[in-house]
Amino acid sequence: MHPTDGEPAHELFLMCDDVEATMAELTAKGVEFTIPITEERWGLRTALRLPGGGELGLYEPRHPVTI
């Protein structure tokens, strides 16, 4: 969970160690990304298109993780 300055929202993100490498690997397998990599205060993020048309967030954290 991350704090927000705007309206409360719910989003699901997958984390990865290297978002650029993960995007390249998934793009080579036919995955479509819906937004370019953007820098947030908590990490680098993008989103990929799900088969049903929805989006799933993917990010490389820039904060300590507990896993």
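Anything mentioned here points back to the structure above.
All figures in this text were calculated on a predicted structure; none of them were measured in a lab.

Visitor: What is the right way to read the nonpolar core from this model?
Guide: Considering soluble globular proteins, one finds that nonpolar side chains tend to be buried as a cluster. Within the largest apolar cluster, eight residues are counted, these being C16, V19, M23, F33, L44, L48, L56 and L58. For this core, the secondary-structure elements that each account for two or more residues are α1 (19-28), β3 (43-49) and β4 (55-61). Those residues in contact with L56 that lie beyond four places of it in its chain are L12, L14, T46, A47, L48 and L50.

Visitor: Help me understand the sheet that holds strand β1 (residues 13-15) in this model?
Guide: As a general point, the strands of a sheet are linked pairwise by backbone hydrogen bonds and lie either parallel or antiparallel. Across the sheet, four strands lie side by side as β1-β4-β3-β2; this open sheet has mixed pairing. Among the strands making up the open sheet, the edge pair consists of β1 and β2 (33-40). When strand polarity is set aside, the average angle formed by the axes of neighbouring strands in this sheet is 25 degrees. Sheet topology note: the β2/β3 ladder contains five bridges and is antiparallel. Looking across to β3, one finds that T38 is bridged to R45. Lying on the sheet, α1 is in contact with β2, β3 and β4; it crosses β2 at an angle near 175 degrees.

Calculation criteria
- Residues numbered from 1 in each chain as written.
- Predicted model: local features only at pLDDT ≥ 70, side-chain atom pairs only at ≥ 80, totals over all residues.
- Heavy atoms only, no water.
- Core = buried A, V, L, I, M, F, W, Y, C linked by side-chain atoms within 4.5 Å.
- Buried < 20%, exposed > 50% of the residue type's maximum accessible area, 1.4 Å probe, protein only.
- Helix = DSSP H or I, 4+ residues; strand = E, 2+ residues; numbered from the N terminus.
- Contact = heavy atoms within 4.5 Å.
- Pairing = 2+ DSSP bridges.
- Axes fitted to C-alpha atoms, helices over the stretch in contact; angles between N-to-C directions.

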